[in-house]
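Given next are the chains, with one letter for each unit.
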Amino acid sequence: MEPVLNPVEHLQRIFGPAINRVSTNHGIPVVHVHTNQISAITRYIHTNEALRGTLSLLWAVDHRPRDVRYELWYLFTLGESKDWLIVSTDLLGEERLFESITPKIHAANWYEREIRDMFGLIAQGHPDLRRLVRHNHWPKGVHPLHKNFPWNSVLQWRQPPGSVDGHFIHGEGVFEVPVGPIHAGIIEPGHFRFTVAGEPIMHLDLQHFWKHRGVEKLFEQQTLSGGVALAERISGDTTLGHSLAYCQAVEMLWEIHVPRRARYLRSVFLELERLHNHIGDVGGICNDTAYALAHAHCSRLKERVMQLNDRLTGSRFLRGVNCVGGVDIDLSTDQFSELVAELEHIEKDFSELEQIIAVNASLIDRFESTGILKKQTAWDHGVVGVVGRASGIDRDLRRDRPFAAYDELSVRVAGSSHGDVRARVQVRVSEIHESIRLIREIQRMLPDGPLKGDRQVVPDSGAWALSAVEGWRGEILYFLMVGEHEQIHRCKVRDPSFVNWPAIQMAVIGNIIPDFPLVNKSFSLSYAGNDL
Amino acid sequence: MFKILKKSFKTGIVTGQYPPAPAWQKFSVAPTAQKKAELFRKSLTIREVDTGSCNACEMEMNALANPVYDIERLGIHIAASPRHADALVVTGPVTVNMEGPLKDVFKTTPNPKLVIALGDCAINCGIFKGSYAVTGPVDQHIPVDVRIPGCPPRPAEIIEALTELRKGVTTFTRWFKKLSGKRATDS
Ligand code: SF4
């Protein structure tokens, strides 16, 4: 029998000469390969039965002025083990072309378009190289993440704003319904272009990035210790998830040992964030079927959790809770008892509501078989988080790559295989109960001790870390590379929305437009986190 | 049915169950704004426009409509279109991509109208100040009448600012004062 090879050995055996070098960073294997082999190697990782890697992140780094080269990084999460594997390749000097992997790996689509916009590196063979982040009125040749592009440049418009180009279907009886960027409710801006023939949607074209604020470039103006406030403001509803992911990355670079109490408190706050968002979403989804009663009750409960946040931390959104090295907010025993008592109330209240919702036939009728995202489609697009779990993608970083205190807690991961709106509601409902259970479990286990650890080292220029947090929406990833004098050289932020948005285009096909708000709400994605 | 009623009775009325706004956050109302707001004293219809916020400001705007804050009780409504609005609430710094839509919305809102800048970002771009992708705070593009600072301002603070705004001297009281003043001189 053949010995079981680890993924790196596996690749070395198949692609030996194409691999320049192999290294490990914070336990993550990095395989550096020849540029012309990138497509073949990534495809192999994606399709090989033993590896079955999904593309979790694809990003570029401009190494100037340290080194005159760009580097492309491909992060894969491997099928069975859920381990990470990074493949990287260099574009030396002024080389700006690389081979697109999108024709083989759907999940790379938006990443490669983003890299073209932000760096001016062109993925050759990409099937759809329209602009993504830079809308059409942006001047030509502006690539904000180039190192020689000043962060505070003032852009000169090329043409009046508002023109966007989309993909169109032509034919008799086919018409288009444009929606947005300013919507009817209090929601964030995004442009949706539906192509319909009669009632069912044939095609949906998303145009996002209206809210692009240049977050990644703003990070590069900060030192490692100064980025927390910005991370908190990437997507307000995920304040804690983002700040935690950022802090963890810095802690890796500084080799800080975060004390146990701080790690437990981080888990508590992360579950609180999950709680208020999930409760709000269940209400919001019901509201989109015009079931106002459930919405009223849910928004009342959500408000209760947010007021609880405010009492415990002084912020309804848990701002200022995380700091590099640990947490700034402690919970006394009394506060913890108040927290658990309040959550008991909320859980009871919510369970009663659940019983009312569950027997409402007209509601279930709207939920069932609406907006189905098939498992295969979800896998192809690398869908994560609640949406993925509702479509049978059994991934949860709290269990698969434990962070904070999750290595000592046993998280029961919710899941479903139906992939419709109902499945997504069910996953949320189970996660609400699970969050409350986890907080109760933490109450029993919460250790005493300090709240902050100290830094051990000064990282060299070029050192990097990759951190991941399972926020309430899904996997939040941060790649952080340090430059001279602890200045941030590159910070790649990936909110789960960025990978889940393209999948919504698949989930709505065949549904009617009036069901779109329902499907959209059941995905519940962030525009701010996506647009950066 | 029985369950629904039982739930409603058990829950009771939750409106108003929130802590008062802290005193240290102070909103500012332009002198002309109160006069403009006279017309909307009894009923104010708002259209919210997000020009690049982090979405926490939106969440607090949404919270205003929940049963706890229930701004409808104050005669404030959220409109689905700027054409139906008396006031625009703008959140976030104005991004390069949202500058056009913001100006369009302002144009389509009928006169007289109020503009309320909600949150630090809308007032001075907050943490996003200076970025290539941001073209300035709201008042660089459209005139702003009311500024509500905070990151994000709590719903209670927003309610306080909106109440203050609409407290102004009404045409009726002015007319009444005038009349009663006249009478006083008459006798
Ligand atoms: S003011 Fe604060 S909460 Fe509001 S959009 Fe800006 S960063 Fe977000």
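Relevant structure appears above.
Residues numbered from 1 in each chain as written. Chains lettered and ligands numbered in written order. Predicted model: local features only at pLDDT ≥ 70, side-chain atom pairs only at ≥ 80, totals over all residues. Heavy atoms only, no water.

(A) Structural view of the overall build of chain B. Per the secondary structure count, chain B includes 7 helices and 6 strands. Going residue by residue from the N terminus, the α and β elements of chain B occur as α-β-α-β-α-β-β-α-β-α-β-α-α. Residue pairs at least 24 apart in sequence account for 87% of intrachain contacts in chain B once pairs closer than 6 positions are excluded. In the form shown here, chain B has an accessible surface area of approximately 8,800 Å², with 61% of it arising from carbon and sulfur atoms. (Helix = DSSP H or I, 4+ residues; strand = E, 2+ residues; numbered from the N terminus. Contact = heavy atoms within 4.5 Å. Areas by Shrake-Rupley, 256 points an atom, 1.4 Å probe, with all protein chains shown as cover.)

(B) Inspection of the site of the ligand at higher detail. Near the ligand the following residues occur: Arg-233 and Arg-319 of chain A together with Ser-53, Cys-54, Ala-56, Cys-57, Gly-119, Asp-120, Cys-121, Gly-150, Cys-151 and Pro-152 of chain B. The site occupied by the ligand is bordered by residues of chains A and B. Considering only residue class, the shell around the ligand consists of 6 nonpolar, 3 polar and 3 charged. (Near = heavy atom within 4 Å. Nonpolar A, V, L, I, M, F, W, Y, C, P; charged D, E, K, R; others polar.)

(C) Fine view of the sheet that holds strand S5 (residues 84-92) of chain A. Residue and element names in this part refer to chain A. Taken together, the 5 strands give an open sheet; going across it, the order is S1-S2-S5-S4-S3, and neighbouring strands pair in mixed fashion. The open sheet has two free edges, formed respectively by strand S1 (19-25) and strand S3 (53-62), since each of these has just one partner strand. Each adjacent strand pair in this sheet contributes to an overall mean axis angle of 20 degrees, direction not counted. Relative to strand S2 (residues 28-33), S1 is paired through 6 bridges, and the arrangement is antiparallel. Within S2, the position partnered with Ser-23 by the bridge is Val-30. The strands touched by helix H1 (residues 7-15) are S1, S2, strand S4 (69-78) and S5; relative to S1, the strand with the most contacts, the crossing angle is about 175 degrees. Seen against the sheet, helix H2 (residues 38-47) touches S2, S3, S4 and S5 and runs at an angle of roughly 15 degrees to S4. (Pairing = 2+ DSSP bridges. Axes fitted to C-alpha atoms, helices over the stretch in contact; angles between N-to-C directions.)

(D) Broad picture of the interface of chain A and chain B. On the chain B side, the residues contacting the 63 residues of chain A number 52 residues. For the pair chain A and chain B, the two sides together bury roughly 4,400 Å², of which 62% comes from carbon and sulfur. Among the residues of chain A in contact with chain B, Ile-182, Ile-186 and Arg-213 of chain A are the three that bury the most area, contributing 17% of the side total. Counting every contact that joins chain A to chain B gives 6 salt bridges. Put simply, Asp-349 of chain A and Lys-7 of chain B hold a salt bridge, and the shortest N to O gap is 2.2 Å. Our count for the contact surface shared by chain A and chain B stands at 30 residue pairs in polar contact (both at pLDDT 80 or more). Those elements giving two or more residues to the side of chain A that touches chain B turn out to be helix H4 (215-219), helix H5 (228-232), helix H7 (260-287), helix H8 (292-313) and helix H9 (333-358) of chain A. (Buried area = accessible area lost by both parts, 1.4 Å probe. Salt bridge = Lys/Arg side-chain N within 4 Å of Asp/Glu carboxyl O. Polar contact = N/O pair within 3.5 Å; in protein donor to acceptor, adjacent residues only side chain to side chain.)

(E) Examining the pairing of S3 of chain A more closely. Residue and element names in this part refer to chain A. Among the 10 residues that make up S3, 10 are buried, leaving the element largely enclosed by the rest of the structure. The pairing of S3 with S4 spans 9 bridges and is classified as antiparallel. Among the inter-strand pairings, Ala-60 is bridged to a residue of S4, identified as Leu-72. The hairpin formed by S3 and S4 contains 6 residues between the paired strands. (Buried < 20%, exposed > 50% of the residue type's maximum accessible area, 1.4 Å probe, protein only.)

(F) Structural context of the pattern of salt bridges. One pass over the full model with this rule turns up 58 salt bridges over all chains. The salt bridge involving Lys-7 of chain B is made with Glu-352 of chain A; its shortest N-O contact spans 3.0 Å. A residue pair is termed interchain when its members come from two chains, as with Lys-7 of chain B in helix H1 (residues 2-11) and Glu-352 of chain A in helix H9. Residue classification places Lys-7 of chain B among the buried residues on the basis of a relative accessible area of 4%. Here Arg-455 of chain A makes a salt bridge to Glu-486 of chain A, at a shortest N to O gap of 2.8 Å. Here Arg-455 of chain A, found in the loop between helix H14 (421-445) and strand S13 (464-470), pairs with Glu-486 of chain A, found in the loop between strand S14 (475-482) and strand S15 (488-494); they are 31 residues apart in sequence, far enough to count as distant. Look at Arg-455 of chain A and you get partly exposed, because its relative accessible area is 36%. Using a relative accessible area of 16% as the deciding quantity, one classes Glu-486 of chain A as buried. One connected set of salt bridges, linked through shared partners, spans Arg-300, Arg-304, Glu-342, Lys-348, Asp-349 and Glu-352 of chain A together with Lys-7 and Lys-10 of chain B.

(G) Inspection of the side chain of Thr-195 of chain A at higher detail. All names here are of chain A. Mapped onto the elements, Thr-195 comes out in strand S9 (residues 191-197). Note on Thr-195: relative accessible area 1%, which makes it buried. Apart from residues no more than four positions distant in its own chain, Thr-195 is found in contact with Ile-169, Val-174, Phe-175, Glu-176, Pro-200, Ile-201, Met-202 and His-203.

(H) Structural context of helix H3 (residues 56-63) of chain B. With 7 of 8 residues buried, H3 of chain B lies mostly within the body of the structure. Those residues of H3 of chain B that fall on the buried side of the exposure criterion are Ala-56, Cys-57, Glu-58, Met-59, Glu-60, Met-61 and Ala-63 of chain B.

(I) Just unusual backbone geometry, in detail. Pro-65 of chain A follows Arg-64 of chain A through a cis peptide bond whose omega is 0 degrees. Residue Pro-112 of chain B is bonded to the preceding Asn-111 of chain B through a cis peptide linkage, with omega at -10 degrees. By secondary structure assignment, the location of Pro-112 of chain B is in the loop between helix H4 (99-108) and strand S5 (114-118). Here the phi dihedral of Cys-125 of chain B falls at roughly 75 degrees; this positive angle occurs in a residue that is not glycine. Mapped onto the elements of the fold, Cys-125 of chain B is located in the loop between helix H5 (120-124) and strand S6 (146-148). Since its relative accessible area comes to 3%, Cys-125 of chain B is described here as buried.

(J) Highlighting the sheet that holds strand S1 (residues 28-29) of chain B. Residue and element names in this part refer to chain B. Sheet architecture is open: 6 strands sit in the order S1-S6-S5-S4-S2-S3, paired in mixed fashion. At either margin of the open sheet sits one strand with a lone partner, and together these are S1 and strand S3 (76-78). When strand S2 (residues 44-50) meets S3, the two strands line up parallel, connected through 3 bridges. Opposite Ile-46, over in S3, you have Ile-78 as the bridge partner. Relative to strand S4 (residues 87-91), H4 is tilted by about 165 degrees, and along the sheet it contacts S2, S4 and S5. Together, S1, S2, S3, S5 and S6 form the strand contacts of helix H6 (residues 155-165), whose direction differs from that of S5 by roughly 155 degrees.

Scope: geometric values only; no functional claims are made or implied.
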